[in-house]
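Here is what each chain is made of, one letter per residue.
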Amino acid sequence: MAQSQLDKQIEEGVETAAMFIGRFLGGAPLSDQPRAPGGLPRWQHVLLRLVLLAWAGWAAWMWWGVGNHEKVIWASAGAAGVLIPVMIVLYIRGGARRRHMQTLVVPMSLALKEVIPAWDDAQRLKAVTIPLDRSFVKISLPDGWHGQDGHKDILRDLVSARLGGRWQAEWNLKRYPFHVLFQPAKEKVVLEVPDRVDFFAPEVQEAISRCAPGELVLGFDERKQALTKHMTGETPMWGLSVGSGGGKSSFLQMIITQLVAQRATVVGVDVKQSSISCFEGVQGVHLYTDPGNIGDMRSGINWVAREVEARNYLKKKDPNKEFDRLTLILEEGNEFGDASKEWWNENKEKGEPAADPMWSDIASIMRMGRHVNVTIIGVFQDLRESAVGNRGLRNMFRLLMLGNFNANQWKMIVNTSPVPESVDKPGRMLVVEGNRRVWIQVPYASPEAFRDHAMKLRRERGYSTKDLYGGAPAKSKERLPSLLQVSTPLFTKDPAPVEADSRPPELEGAADDADRPEQERFTIGAGAHEDAGEAASDGTGPAAPAPKEAQPPAPAPELLTLAEIARRFQEQGVEMNANTLRSHKSRKADFPVGQMQDDGKERFTMPAIAAYYDIPLGASQTRSDPENAAGENRQEESAA
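Analysis parameters
- Residues numbered from 1 in each chain as written.
- Predicted model: local features only at pLDDT ≥ 70, side-chain atom pairs only at ≥ 80, totals over all residues.
- Heavy atoms only, no water.
- Pairing = 2+ DSSP bridges.
- Helix = DSSP H or I, 4+ residues; strand = E, 2+ residues; numbered from the N terminus.
- Expected span 1.5 Å × (residues − 1).
- Bend = angle between axes of the 7 residues up to and from the residue.
- Buried < 20%, exposed > 50% of the residue type's maximum accessible area, 1.4 Å probe, protein only.
- Contact = heavy atoms within 4.5 Å.
- Patch = residues over 30% accessible without salt bridge, like charges linked within 9 Å, V, L, I, M, F, W, Y side chains within 5 Å.
- Areas by Shrake-Rupley, 256 points an atom, 1.4 Å probe, with all protein chains shown as cover.
- Salt bridge = Lys/Arg side-chain N within 4 Å of Asp/Glu carboxyl O.
- Lys, Arg positive; Asp, Glu negative; His and termini not counted.
- Charge placed at Lys NZ, Arg CZ, Asp CG, Glu CD.
- Axes fitted to C-alpha atoms, helices over the stretch in contact; angles between N-to-C directions.
- Parallel < 35°, antiparallel > 145°, perpendicular 65-115°, else oblique.
- Left-handed = near helix turned anticlockwise from the far one by under 90°.
- Nonpolar A, V, L, I, M, F, W, Y, C, P; charged D, E, K, R; others polar.

A. Layout of the sheet that holds strand β2 (residues 137-140). Reading across the sheet, the four strands line up as β1-β2-β4-β3 and stay open at both edges, with antiparallel pairing between neighbours. With partners counted over all chains shown, the strands left at the sheet margins are β1 (128-129) and β3 (167-172), one partner each. In this sheet, strand β4 (residues 179-184) lies alongside β2 in antiparallel orientation, the contact comprising four bridges. Note on β4: the bridge partner recorded for Ile139 is Val180.

Below you can see the structure in the form of structure tokens.
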């Protein structure tokens with residue numbers, strides 16, 4: 001039977017009334033719009049509505065049941081006098097909530113039509129929750145919504161456009177109720193490594209004082225905290241690949257000072273001559289910094305390798321034995337490697353290997369030194385494999401520090417992606433240990449301040465050689481470069497002295513002519529001699545004899561290369577080898593000094609070389625070796 005129009009109206013009216021009663025008793029908004037944020041909680045709405053119903057019931061009973069109309073009127077007037085001002089205040093205060101709904105929540109819900117097309121406007125309005133303080137945005141989502149067609153990005157852009165700033169989203173698409181929660185993106189705090197750190201600052205000295213034996217402060221990181229590393233365990237060998245001007249010298253000076261504080265023995269090899277030379281004279285710091293005596297540097301490295309050998313032998317006998325720290329510092333490793341290879345090529349004997357054996361000693365130290373407290377700090381401008389003798393030693397530097405590097409160096413040494421951008425500031429280095437990367441700033445002080453502090457530490461804390469089983473090799477006399485050697489003309493009977501003001505001030509006392517062999521006495525730009533017969537300029541002294549007839553000046557000695565001199569001696573029957581001459585030139589301080597030519601090559605005279613080996617010029621004789629000849633001459637001199 002078809003339902004009549006009246007029945008439909010009655011049914012719809014009952015449903016509407018039931019829904020109204022349910023919303024009224026449940027504290028829900030009576031309209032379709034959601035309640036504005038910031039109002040009373042739902043349970044308070046329920047309580048107020050129940051109080052209103054109770055008052056209405058009491059008033060009806062008193063009015064019709066009891067008939068006490070006066071009491072109902074007075075009670076109603078009193079309640080109205082209290083409620084009307086309260087409602088006015090609440091209405092005024094609710095203005096911000098209404099504007100919030102009208103200007104933000106409702107427009108945003110309407111903008112969701114493209115993103116959530118399955119819902120109508122009322123459902124989308126209920127789906128948007130934004131508090132008055134705009135601390136978050138919560139949007140309910142229908143079941144099965146997965147953000148297809150770029151809807152996730154549209155939602156994020158919508159929130160950013162309406163509220164401003166950057167927002168991060170948390171998506172819940174797996175469990176009911178499905179929603180997305182937007183919160184303001186936390187601004188990343190940009191941490192900066194300090195531009196400069198004073199070594200003698202209180203925070204630096206406090207960090208150093210907290211270090212355990214073998215632990216050293218490397219620098220200060222972006223949190224302004226000290227970064228320390230142990231020269232024990234997994235990182236006993238440290239490698240630096242730092243370009244020019246990157247602060248290598250300051251780093252080494254700081255590390256040596258800390259090693260001195262821990263009563264360690266330090267052996268330093270530095271062809272640069274300036275990085276660690278400030279520690280010359282500090283007890284227990286043995287420096288080899290003369291690039292003219294590469295053999296001394298090699299001897300120092302060999303001594304450290306023999307110490308490792310001795311310590312390992314004793315450690316085998318007594319596994320519990322502990323040793324004081326011994327650290328080898330190799331500064332400017334690239335230049336030293338080239339100089340050492342050249343030295344070996346000039347001095348190796350026939351039948352010896354072509355490869356420089358010095359790297360065998362370094363490899364032995366790196367492989368066997370950690371167990372007996374012997375460590376290495378290698379400093380390079382470019383830590384390529386060829387710079388360490390092509391022996392696979394680069395990977396043994398478990399702690400790496402890079403500065404002023406480029407992308408190719410990073411890929412060659414670390415070989416990870418992405419490549420960090422180098423910060424080209426003095427003392428700014430990137431510490432690489434496994435997968436950890438930390439930028440630091442190296443503490444700085446003047447070389448003089450580091451030396452004074454190291455001397456003070458040695459006096460206060462002492463030093464012991466009980467764990468050294470050999471002595472540091474003695475250093476050869478420093479040999480001046482050829483262009484700085486100043487003396488008098490060669491092969492003159494009465495050599496004219498060099499003018500005092502013609503000698504550079506920095507060379508005063510460095511090479512005294514009186515202590516040098518006569519055949520080494522050269523001069524640069526010697527002036528003319530006075531005539532022997534000319535009287536003294538002040539008119540005093542005996543009259544000089546009349547000058548003899550002027551003689552033509554003797555021709556200047558011919559300047560030749562060592563190879564040409566050796567060939568000419570061989571023509572005279574003297575067994576002379578050019579390689580031997582080059583070896584003596586690089587090793588012996590009293591070897592005759594040559595003269596640099598415009599082509600950058602050094603040349604010598606045959607008389608000077610002949611005088612050095614006591615070989616008469618023009619004589620036909622046979623010598624087995626110039627070195628033997630020089631040795632025989634020295635034996636004769638000592639016997640005399």
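B. Representation of helix α4 (residues 95-111) in the model. Taking 1.5 Å of rise per residue, 17 residues should cover 24 Å, and α4 covers 23 Å from first to last C-alpha, within 8% of that figure. Its maximal kink placed at Met101, α4 deviates by approximately 40 degrees. Buried within α4 we find Gly95, His100, Met101, Leu104, Val105, Met108 and Ser109. Contact partners of the buried residues in α4: α3 (69-93), α5 (121-127), β1, β2 and α6 (151-163).

C. Here's a closer look at a nonpolar patch on the surface. A contiguous nonpolar patch, built from Phe20, Ile21, Leu25, Leu50 and Leu53 and spanning about 460 Å² of accessible area, is present on the exposed surface. At the level of secondary structure, the elements contributing two or more residues to the nonpolar patch comprise α1 (5-26) and α2 (42-66). The element that contributes the greatest number of residues to the nonpolar patch is α1, accounting for three residues. One can find Leu25 in helix α1. For Leu25, a relative accessible area of 42% translates into the label partly exposed.

D. Structural detail: a negative patch on the surface. There is a patch of like negative charges on the surface, built from Asp7, Glu11, Glu12 and Glu15. Among the secondary structure elements, Glu12 is positioned in helix α1.

E. Representation of the packing of α4 against α6. In the contact formed by α4 and α6, the axes pass within 11 Å of each other and the chain directions differ by 155 degrees. Regarding the angle of α4 to α6, the classification is roughly antiparallel. As α4 packs across α6, the resulting crossing turns out to be right-handed. Taking contact as the criterion, the partners of Leu104, Pro107, Met108 and Ala111 in α4 are, on α6, Leu158, Val159, Arg162 and Leu163. Partitioned by chemical class, the residues of the contact of α4 with α6 number seven nonpolar, no polar and one charged.

Take it as geometry only, folks, not as evidence of what the structure does.
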